[in-house]
Amino acid sequence: MNTKAYQAAVSDSSSVSTSALQAISQRFSAIRSLSLRITEPLSAEDCVIQSMPDVSPIRWHLAHTTWFFETFLLTGISDYRPFNAQYEYLFNSYYNTVGKQFPRHQRGLLSRPGLDEIIDYRLHVDAQLGHMLDEDLLDANALHILEIGLQHEQQHQELMLTDIKHVLSCNPLLPAYSPTQRQTSESHSLLGAIPLEWTECDEQIVNIGHDGNGFAFDNEGPRHRALLQKHSIATRCVTNAEFLEFVEDGGYQRPELWLSLGWDLVCREEWRSPLYWLRGNDGWQEFTLAGLQPLSAAQPVSHVSYFEADAFARWAGKRLPTEYEWEYAAQNSVQPGQRQEGVFADHLMDNGEAVQPQPQAKEEWLGNVWQWTSSDYSAYPGFEAEEGALGEYNGKFMCNQYVLRGGSCATSSTHIRTTYRNFFPPQARWQFSGIRLAD
Ligand SMILES: [Fe+2]
């Protein structure tokens, strides 16, 4: 969060008008209920499984996002009684300032508390916060933390979708997350991807980072100047068809294309394609949240690691963009503050469509697939972490990770910005992560 600018904007609690409070209240209930909508197609058994250390059980996500509001907003209130004091240990993710945590890789061992009890926990915390919003009992700082809690819950909604996709992919029956979802809208399925074109950029100094208007995480600021070299950047992401050429050209068998750590991983894990691609008798297929589907040639490739994105770029004679190149290009085509057009989880779910990338029919920078950049995740000049325990949110992860930009089909449209910095280690590929090339 660009803390100072944001807090200055809300520093006078009397400036929070009734209509602004109503908007926050509506946003609170809309975001909290979306988490339950994501859970609706699932059985209680689905919600327990942890299929790998990076994945958390759905039930844990539901509890942890609730714990976040309880810990950072409600426990400071003198007459608040915790729903269950033991939850602090079970559902604290990584906040050492708050206390010890149950080991992340063992979250799937927690068969208790059950789903019903977690739902009761959510209702308990929601009722407390709803009352405080209705009675205008939250001061500016509390509203600021409430907003972080909502943004945090939206991040976990994306993880819920990608985690349950991984869980279901481990079942040989390859069940669909939701059989009622359509694969893609008719209008999209008839479209191909736009031709690959390149936007030229001369060498120049540009402004990078969040400007302080509206919410941003601390890692997006401060806004600062950065030198861009002369370069060009693609107007769309790499498609499945283009990535298939790399696969069929022996891309996964050619060590000269890979970073050393990536090649070790390819050999050890026997990677031969993006995660979720399967070669059947009738050609390539892809496991999706709508079940097993023929591989869509025009969709942007997704579920590739940084190593695969980098190797593909080398094979193509190109490179990945830096995060500054990406942000400068995105700034020039996305109007701040406008409703985001594109492929986003909330829009897809409202339309009854599967949460899945769709062919990129026009130039777009936000939604569909996250895009790996060549930039390692580190602090901007003058970075200041959020105060207190919430300072552990972003800053302490600035080591051994790469920045991804743009959001994905599993991101909510109200959650993403051109300055947003996501980050994952280079081997991660269970997110909807894709490739945009630069030259
Ligand atoms: Fe979290």
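Because the structure is predicted, anything quoted here is derived from the model rather than measured. Once a new chain begins, its residue numbering starts again from 1 and follows that chain's sequence as written. The predicted nature of this model means local features are confined to residues of pLDDT at least 70 and side-chain atom pairs, given and counted, to a pLDDT of 80 or more, with totals for whole chains, interfaces and linings taken over all residues. The basis for the side-chain values is all heavy atoms of the structure; hydrogens and waters are excluded.

The axes used here are C-alpha line fits, helices contributing only the stretch in contact, and every angle between their N-to-C directions lies in the interval 0 to 180 degrees. Numbering goes from the N terminus for both helices and strands, where a helix is a DSSP run of H or I of at least four residues and a strand is a run of E of at least two. At a minimum axis distance of 10 Å, the contact between helix α3 (residues 58-74) and helix α6 (residues 140-169) shows a crossing angle of 170°. Considered as vectors, α3 and α6 are oriented roughly antiparallel to each other. When residues are sorted by character, Ala, Val, Leu, Ile, Met, Phe, Trp, Tyr, Cys and Pro go into the nonpolar class, Asp, Glu, Lys and Arg into the charged class, and all the rest, Gly among them, into the polar class. Along the lines of polarity and charge, the residues of the contact of α3 with α6 split into 15 nonpolar, six polar and two charged. Any angle from 65 to 115 degrees is called roughly perpendicular, while one under 35 is roughly parallel, one over 145 is roughly antiparallel, and all others are oblique.

Here, nonpolar core refers to any group of buried Ala, Val, Leu, Ile, Met, Phe, Trp, Tyr and Cys residues whose side-chain atoms link them within 4.5 Å. Each residue's exposure class comes from its accessible area (1.4 Å probe, protein chains only) as a fraction of the maximum for that residue type: buried when under 20%, exposed when over 50%, partly exposed otherwise. Leu146, Phe243 and Ile435 are the most contacted members of the largest nonpolar core, which totals 103 residues. Sorting elements by how many residues they give to this core places α6 first, with 11 residues. In what follows, residue pairs with any heavy atoms lying within 4.5 Å of each other are defined as contacts. Contacts of phenylalanine 243, omitting those with residues within four sequence positions, involve Val238, Tyr252, Pro274, Trp277, Val301, Val304, Glu308, Phe312 and Ile435. If you look at the next biggest cluster of nonpolar residues, it comprises seven residues, including Val206, Ala226, Leu228 and Tyr380.

Before going further, it helps to spend a moment on the coordination of the iron ion. At this site the iron ion is bound by His64 (NE2), His152 (NE2) and His156 (NE2), with donor distances of 2.2 Å. Here the donor residues for the iron ion map to a single chain with the spacing H-x87-H-x3-H. Residue histidine 152 and its partner histidine 156 are both found in helix α6; the two are separated by four residues, about one turn of the helix. Under the relative-accessibility criterion, histidine 152 is labelled buried at 3%. Donor selection uses N, O and S atoms within 2.8 Å of the metal (3.2 Å for Na, K and Ca). Since no water is included, sites may look incomplete.

A pair of strands is treated as paired once DSSP finds two or more bridges between them. Taken together, four strands build an open sheet; the order of strands is β10-β9-β8-β11 and the sheet is mixed. Because the sheet does not close on itself, it has two edges, and the strands there are β10 (422-424) and β11 (433-434). Here two bridges tie strand β8 (residues 370-376) to β11, and the two strands are oriented parallel to one another. Residue pairing across strands places glutamine 371 opposite glycine 434, the latter belonging to β11.

Moving on, we get to unusual backbone geometry. Residue proline 113 is bonded to the preceding arginine 112 through a cis peptide linkage, with omega at -5°. With respect to the helices and strands, proline 113 occurs in the loop between α4 (87-91) and α5 (115-134). Cis geometry marks the peptide bond from glycine 221 to proline 222, where omega comes out at 0°. Relative to the assigned elements, proline 222 resides in the loop between β2 (204-208) and β3 (224-228).

Our next topic: helix α11 (residues 323-331). Buried residues dominate α11, accounting for seven of its nine residues. Within α11, the full set of buried residues consists of Glu323, Glu325, Trp326, Glu327, Tyr328, Ala329 and Ala330.

Only Phe, Tyr and Trp rings take part, Trp by its six-membered ring, and two of them pair if their centres are within 6.5 Å. Stacked means planes under 30 degrees apart, edge-to-face means over 60, and tilted covers everything else. In the structure shown here, the tally under the stated rule is 38 aromatic pairs. With 5.1 Å between their ring centres and 85° between their planes, phenylalanine 215 and phenylalanine 217 make a pair best called edge-to-face. Note on accessibility: phenylalanine 215 and phenylalanine 217 belong to one class, buried. Its end group placed over the ring of tryptophan 198, lysine 318 keeps NZ or CZ at 4.7 Å from the ring centre. Either the NZ atom of lysine or the CZ atom of arginine qualifies as a charge over a ring when it sits within 6 Å of the ring centre and within 35 degrees of the ring normal. The ring of tryptophan 365 is capped by arginine 436, whose NZ or CZ atom sits 3.7 Å from the centre of that ring.

Scope: geometric values only; no functional claims are made or implied.
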